[in-house]
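Architecture at a glance
Each chain, written out:
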Amino acid sequence: MTAAEPFVEIWRGPLLESVHAGHAVIWGPGGVERSWGDPDALVYPRSSAKMIQALPLLESGAAEAFSLSPAHLALACASHNGAAIHTERVARWLDAIGRGECDLRCGAQAPKDQDAQVGLIRGFAQPCQMHNNCSGKHTGFLTLAKHLGAGPEYLEMEHPVQRAILEATERVTGEVSPAFGTDGCSAPNHAITLKGMARAMAHFAAAGDGSAEARLTQAMIAHPDLVAGEGRACTALMRACGGRAALKTGAEGFFIAIIPDLQTGVALKVADGATRAAECAIAAILVQLGVLQAAHPAALDYLNAPIRNWRGIVTGTQRAAPGLI
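In what follows, the accompanying structure is described. (Residues numbered from 1 in each chain as written. Predicted model: local features only at pLDDT ≥ 70, side-chain atom pairs only at ≥ 80, totals over all residues. Heavy atoms only, no water.)

1. Digging into helix H12 (residues 275-288)
Which entries qualify depends on this criterion: Secondary structure counts use DSSP, requiring at least four H or I residues in a row for a helix and at least two E residues in a row for a strand, with both numbered from the N terminus. For a helix, the expected span equals 1.5 Å multiplied by the number of residues minus one. Relative accessible area decides the class of each residue, using a 1.4 Å probe on protein chains only: under 20% of the type maximum gives buried, over 50% gives exposed, and in between gives partly exposed.
The first and last C-alpha atoms of H12 sit 20 Å apart over 14 residues, in line with the 20 Å expected at 1.5 Å per residue. Judged by how many residues are buried, H12 sits mostly within the fold: 10 of 14 residues are covered. Residues of H12 that are buried include every one of Ala277, Ala278, Glu279, Cys280, Ala281, Ile282, Ala283, Ala284, Ile285 and Leu286, and no others. Directly after H12, the chain includes glycine 290, whose backbone phi takes a positive value near 80°.

2. Some thoughts on the environment of alanine 202
Inclusion rule: Pairs of residues are marked as contacts when any of their non-hydrogen atoms sit within 4.5 Å.
One can find alanine 202 in helix H8 (residues 194-206). Placed 174 residues apart in sequence, alanine 202 and glycine 28 show a C-alpha to C-alpha distance of 6.4 Å. Dropping the residues within four chain positions of it, alanine 202 is found in contact with Trp27, Gln263, Thr264 and Gly265.

3. So, the pairing of strand E9 (residues 254-259)
The test is simple: Between any two strands, at least two bridges found by DSSP are needed for them to pair.
With six of six residues buried, E9 is to be regarded as a mostly interior element. The alternating pattern of E9 places Phe254, Ile256 and Ile258 and Phe255, Ala257 and Ile259 on opposite faces, both of which are buried. As paired strands, strand E8 (residues 246-250) and E9 are joined by five bridges and run antiparallel to one another. What sits directly across from threonine 249, in E9, is phenylalanine 255. Hairpin connection from E8 to E9: three residues lie between these consecutive antiparallel strands, with glutamate 252 at a positive phi of about 60°. With six bridges joining them, E9 and strand E10 (residues 264-270) adopt antiparallel strand pairing. Residue pairing in the sheet places isoleucine 259 in a bridge with threonine 264 of E10. Between the end of E9 and the start of E10, which pair antiparallel, lie four residues, with glutamine 263 showing a positive phi angle near 50°.

4. Observations concerning the packing of helix H1 (residues 50-59) against helix H7 (residues 160-173)
So the rule is basically this: Working convention: axes come from line fits to C-alpha atoms, limited for helices to the stretch in contact. Angles between N-to-C directions cover 0 to 180 degrees. Angle categories: roughly parallel below 35 degrees, roughly antiparallel above 145, roughly perpendicular from 65 to 115, and oblique for all the rest. Note on convention: near helix rotated counterclockwise from far helix by under a right angle means a left-handed crossing. Clockwise means right-handed. Each residue is assigned to one of three groups, with Ala, Val, Leu, Ile, Met, Phe, Trp, Tyr, Cys and Pro labelled nonpolar, Asp, Glu, Lys and Arg labelled charged, and all others, Gly among them, labelled polar.
Following both chains from N to C, one finds H1 and H7 inclined at 110°, their axes separated by 8 Å at the closest point. In this view, H1 runs roughly perpendicular relative to H7, as classed from their interaxial angle. Like other packed secondary-structure pairs, H1 and H7 cross with a definite hand, here right-handed. Within the contact between the two elements, H1 uses Ile52, Gln53, Leu55, Pro56 and Glu59 and H7 uses Ala164, Ile165, Ala168, Thr169, Arg171 and Val172. Class assignment for the residues of the contact of H1 with H7 results in seven nonpolar, two polar and two charged.

5. Describing the pairing of strand E2 (residues 15-28)
Both strand E1 (residues 5-12) and E2 contribute to a ladder of seven bridges, which runs antiparallel. Considered in E2, the bridge of valine 8 is made with histidine 20. Linking E1 to E2, which pair antiparallel, is a turn of two residues; within it glycine 13 sits at a positive phi near 60°. Sheet analysis places E2 next to E10, joined by six bridges and oriented antiparallel. Residue alanine 24 lies in a different strand from E10, and its bridge partner there is leucine 268. Bridge analysis of E2 against strand E3 (residues 31-36) gives five bridges, and the strand direction is antiparallel. Its bridge partner lying in E3, alanine 24 is registered against tryptophan 36. Connecting the antiparallel pair E2 and E3 is a turn made up of two residues.

6. Re the side chain of histidine 80
Put simply, the rule is: Between N or O atoms, a polar contact is any pair within 3.5 Å; within protein, one atom must be a potential hydrogen donor and the other a potential acceptor, and residues adjacent in sequence are included only when both atoms are from side chains.
Turning to its location among the elements, histidine 80 is positioned in the loop between helix H3 (70-76) and helix H4 (84-96). Using a relative accessible area of 1% as the deciding quantity, one classes histidine 80 as buried. A polar side-chain atom of histidine 80 sits 3.1 Å from the main-chain carbonyl oxygen of asparagine 132. Apart from the residues within four sequence positions on either side, histidine 80 is in contact with Leu75, His86, Met130, His131, Asn132, Asn133, Ser135, Gly136, Leu226, Val227, Ala228 and Arg232.

7. Brief notes about unusual backbone geometry
Phi is mostly negative for residues that are not glycine, and the peptide bonds are mostly trans. One non-glycine residue, arginine 46, lies in the positive phi region at around 50°. Looking at where arginine 46 falls in the secondary structure, it is placed in the loop between strand E4 (42-43) and H1. Residue serine 186 is not a glycine yet carries a positive backbone phi of 80°. The topology assignment puts serine 186 in the loop between strand E5 (180-182) and strand E6 (188-190).

8. Comments concerning the pattern of salt bridges
Going by this rule: We count a salt bridge whenever a side-chain nitrogen from Lys or Arg sits within 4 Å of a carboxyl oxygen from Asp or Glu.
One pass over the full model with this rule turns up nine salt bridges. The residue arginine 105 makes a salt bridge to glutamate 153 at a minimum N-O spacing of 2.9 Å. With arginine 105 in the loop between H4 and helix H5 (114-122) and glutamate 153 in the loop between helix H6 (135-148) and H7, this pair connects stretches of sequence that are 48 residues apart. The exposure class of glutamate 153 is partly exposed, given its relative accessible area of 34%. Taking the shortest distance from any N to any O, the salt bridge between arginine 244 and aspartate 261 comes out at 2.8 Å. Of this pair, arginine 244 sits in the loop between helix H11 (233-240) and E8 while aspartate 261 is found in the loop between E9 and E10, placing the two residues 17 residues apart along the sequence. On the accessibility criterion, arginine 244 (27% relative accessible area) is partly exposed. On the accessibility criterion, aspartate 261 (48% relative accessible area) is partly exposed. Several salt bridges converge on common partners, so that one network encompasses Glu59, Glu167 and Arg171.

As structure tokens, this is what we get:
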């Protein structure tokens, strides 16, 4: 296995204090255009695979049967903050398909959104499954299950929903997944190579108008606030790219980009799982591809992020490693 390459440097004073290393692949119309580290590294793409997991929702006809809008599709691909704009939409979607919060299988999670947190505290209330960052994806699973006339335990590997997701995963990555792990939301997450994930994202980028892949990509670009939320890299960087890219984070230092006008996909994995490094690395690659302006304030927030202590004093800097820019 090829060693991970330096992605992100952490400087404090005059010294390089820490380095985050990783693997990445840019896949264009002709195949792999550039890679760092090991493109054949076997990885869990985690939440970066949500667009793939949403494909059967459209390909089955379920999206049309239940009149799902681009906002619904963006939520199906989301790792959201649990803000009102997310939970209220999930609640209405569940009601529209005749299901409720109790039918979700993602588990309750405290919202990341501060207003939602304060609202729960003031109301002496507990977070529910709709606050889970994956509740949109799971509502999509429930929608597909109802359309297929399948049972309620939609996370079981033999369930028609999960069989359809595995088929979609292997089709767009061009690989046979050798294993799966259980994600934070309890859904199966299929292991593939980093190269396979980049290929899948390029497949989305090159898909024709009206295809399931294009509809999901366009929904994410149109609704960056639903894909993640305020203060999140996915939302901020998609806005900064001006509609040129769909971006999606994943746990343990994963990040992808879908760039339709270049018919290009990007997949990266930070070896130590650091989210801050994945955000910096994807910003650097977007700048390299000409999709993001290096001087854009959102780019600077991740590419040259000041590190402050509890008094607000700048004590260091996070920056992309020389080999990544």
